[in-house]
Amino acid sequence: MTEPYDMVDLILAKRQGEALTGDQIRWMIAKYTAGGILDAQMSALTMAICFQGMTPRETGDLTTAMLESGTRMDYSGLGAPVVDKHSTGGVGDKVTLVLMPVVASFGVKVPQLSGRGLGHTGGTLDKLESIPGWRADLTSEEIREQLRTVGGMVCAAGADLAPADRRLYALRDATGTVDAIPLIASSIMSKKIAEGAQGLVLDVTTGSGAFLTDPAEARELARTMVHLGEHAGVRTRAILTDMSAPLGFAIGNANEVREAVQTLQGRGPADLVHVVCVLARAMLELAGLPDADPRRALADGSALRVWRDFVSAQGGDPDAALPEADHSSILRAEYDGVVLDLEARAFGVAAWRLGAGRSVPGAPVDHAAGIDLRVKPGDRVRRGDPICELHATDPDRLPRAYEALEGAVSIGDATRWAPAPLILGSVG
Ligand code: URA
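Given the structure is predicted, the values throughout are model-derived calculations rather than measurements. (Residues numbered from 1 in each chain as written. Predicted model: local features only at pLDDT ≥ 70, side-chain atom pairs only at ≥ 80, totals over all residues. Heavy atoms only, no water.)

1. Quick look at the site of the ligand
- Around the ligand sit Tyr169, Arg172, Ile184, Ser187, Ile188, Lys191 and Phe211, and those are all the residues in its vicinity.
- Here arginine 172 contributes a side-chain N or O atom positioned 2.8 Å from an oxygen atom of the ligand.
- Between serine 187 and the ligand, the recorded distance is 2.6 Å, taken from a side-chain N or O atom to a nitrogen atom.
- Relative to its unbound accessible surface of 240 Å², the ligand loses 87% to contact with the protein.
- It is helix H9 (residues 181-194) that provides the largest number of residues to the shell around the ligand, a total of four residues.
- Taken together, the residues of the shell around the ligand break down into four nonpolar, one polar and two charged. (Near = heavy atom within 4 Å. Polar contact = N/O pair within 3.5 Å; in protein donor to acceptor, adjacent residues only side chain to side chain. Areas by Shrake-Rupley, 256 points an atom, 1.4 Å probe, with all protein chains shown as cover. Helix = DSSP H or I, 4+ residues; strand = E, 2+ residues; numbered from the N terminus. Nonpolar A, V, L, I, M, F, W, Y, C, P; charged D, E, K, R; others polar.)

So this is what it looks like as structure tokens:
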């Protein structure tokens with residue numbers, strides 16, 4: 001059969017800054033998913049997009065084409081609003097572990113299809129897998145049943161959810177073409193729209209620990225994604241959050257689960273509680289519950305009950321001891337003063353080097369490895385006070401983690417300290 005287009009023509013057109021038509025984009029994505037376009041050609045096109053961008057219409061067509069490469073989930077019939085959340089990721093970001101139970105405790109259904117981590121930002125599934133017995137793979141029937149009985153779930157996305165993006169994202173990762181806004185927005189939104197929620201709240205992080213460090217770019221990504229969501233009939237809001245310092249005190253896997261449980265018990269760190277409550281309010285508003293108070297769910301144990309039911313429903317034991325590392329080491333303050341900055345990215349890289357993250361997709365992570373901060377920006381310290389504790393199963397990993405932390409802690413005069421806002425704005 002003769003093809004309507006030639007991939008080389010599409011690459012040349014994009015290289016020259018022309019917009020591709022909807023038909024061309026649909027053809028290309030269908031053909032690529034079926035294995036009919038070479039990875040070399042697709043990577044040339046994504047590189048051309050990195051330089052030339054895409055119009056909003058093209059970005060919309062790309063999102064729809066990737067969405068249509070797989071199945072779209074359908075939660076109608078659950079008899080309750082279904083609202084989802086996505087985060088562009090960060091260091092110490094255990095928000096989902098707290099947010100899902102908080103929102104579900106108000107009767108809203110929260111289906112969270114999550115990923116595993118790669119590089120310095122952790123993955124929600126990796127964190128949850130530190131709970132003995134907990135499993136990330138649920139069938140569509142199990143998802144429906146759990147949403148009906150527990151109200152929320154967190155599981156791995158199935159292979160039929162935007163399969164075109166799965167292939168394209170792996171290719172972008174290997175070819176240095178991840179960070180183009182039309183590609184990021186269509187990648188995230190094709191999966192999120194396929195998840196079938198009626199409402200979606202996007203936590204778009206910015207700062208050194210985030211994937212987009214420039215706030216202007218993060219805002220542009222937020223705007224693009226909100227537009228794509230609304231266009232597809234999903235009520236979408238984005239909240240821009242600061243990720244220049246780690247969120248909470250724990251960075252890793254098991255230790256982040258411990259901190260999430262403390263937060264669900266009403267004893268969480270102020271920054272984590274604040275971000276969770278802002279996102280929860282946005283989700284509850286989309287669910288038609290503008291007066292629901294997320295802090296109440298943390299204080300009265302209702303979110304904790306959802307957490308326990310959720311862990312048990314997915315085979316885990318909510319009371320089981322979590323893994324702990326055999327080796328630890330303390331990084332101490334070099335001066336007296338006020339902690340001005342704890343550079344998130346450096347802490348993420350250090351935790352990763354301790355074994356909490358992976359560099360190759362599919363590799364195992366060490367659930368016990370990670371870092372526990374002992375201070376936060378704004379705290380006063382004396383020389384020799386602990387800044388953080390590093391945990392490792394393999395002590396040979398400690399020196400490289402310490403290297404990552406060189407220059408990551410700044411301590412100075414109290415007059416130089418000004419608290420930075422955690423919530424930088426919203427879109428939608
Ligand atoms: N996360 C995604 O799912 N896709 C991207 O392109 C970037 C982050």
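2. As for the packing of H9 against helix H10 (residues 215-231)
- Two numbers describe how H9 lies on H10: the axes approach to 9 Å, and their chain directions differ by 40 degrees. Classed by the angle they form, the pair H9 and H10 counts as oblique. Considering only the axes of H9 and H10, their crossing is right-handed. Two secondary-structure elements touch here, H9 through Ile181, Ile184, Ala185, Ser186, Ile188, Met189 and Ile193 and H10 through Glu217, Glu220, Leu221, Thr224, Met225, Leu228 and Gly229. (Axes fitted to C-alpha atoms, helices over the stretch in contact; angles between N-to-C directions. Parallel < 35°, antiparallel > 145°, perpendicular 65-115°, else oblique. Left-handed = near helix turned anticlockwise from the far one by under 90°. Contact = heavy atoms within 4.5 Å.)

3. A few points about the pattern of salt bridges
- As enumerated under the stated definition, the model contains 22 salt bridges in all.
- When the shortest N-O distance is used, the salt bridge between arginine 26 and aspartate 23 registers 2.9 Å. Of this pair, arginine 26 and aspartate 23 both sit in helix H2 (residues 22-33), three residues apart, roughly one helical turn.
- Given the relative accessible area of 39%, arginine 26 is considered partly exposed. (Salt bridge = Lys/Arg side-chain N within 4 Å of Asp/Glu carboxyl O. Buried < 20%, exposed > 50% of the residue type's maximum accessible area, 1.4 Å probe, protein only.)

4. Structural notes on the packing of aromatic side chains
- Overall, the coordinates contain three aromatic pairs when judged by the stated rule.
- When the ring of tyrosine 5 is compared with that of tryptophan 27, the centres are 5.7 Å apart and the planes differ by 65 degrees; the resulting orientation is edge-to-face. Placement of tyrosine 5 in the segment before helix H1 (7-15) and of tryptophan 27 in helix H2 is noted, with a sequence separation of 22 residues between them.
- With relative accessibility at 25%, the residue tyrosine 5 sits in the partly exposed group.
- Their ring planes at 65 degrees and their centres at 6.2 Å tell us that tryptophan 134 and phenylalanine 310 sit as a pair that is edge-to-face. Residue tryptophan 134 is located in the loop between helix H6 (124-128) and helix H7 (140-149), and its partner phenylalanine 310 is located in helix H14 (residues 302-313); the two are separated by 176 residues in the primary sequence. Phenylalanine 310 carries the same exposure label as tryptophan 134, and that label is buried.
- Chaining the aromatic ring pairs together yields one cluster made of Trp134, Trp307 and Phe310. (Phe/Tyr/Trp six-rings, centres within 6.5 Å; stacked < 30°, edge-to-face > 60°.)

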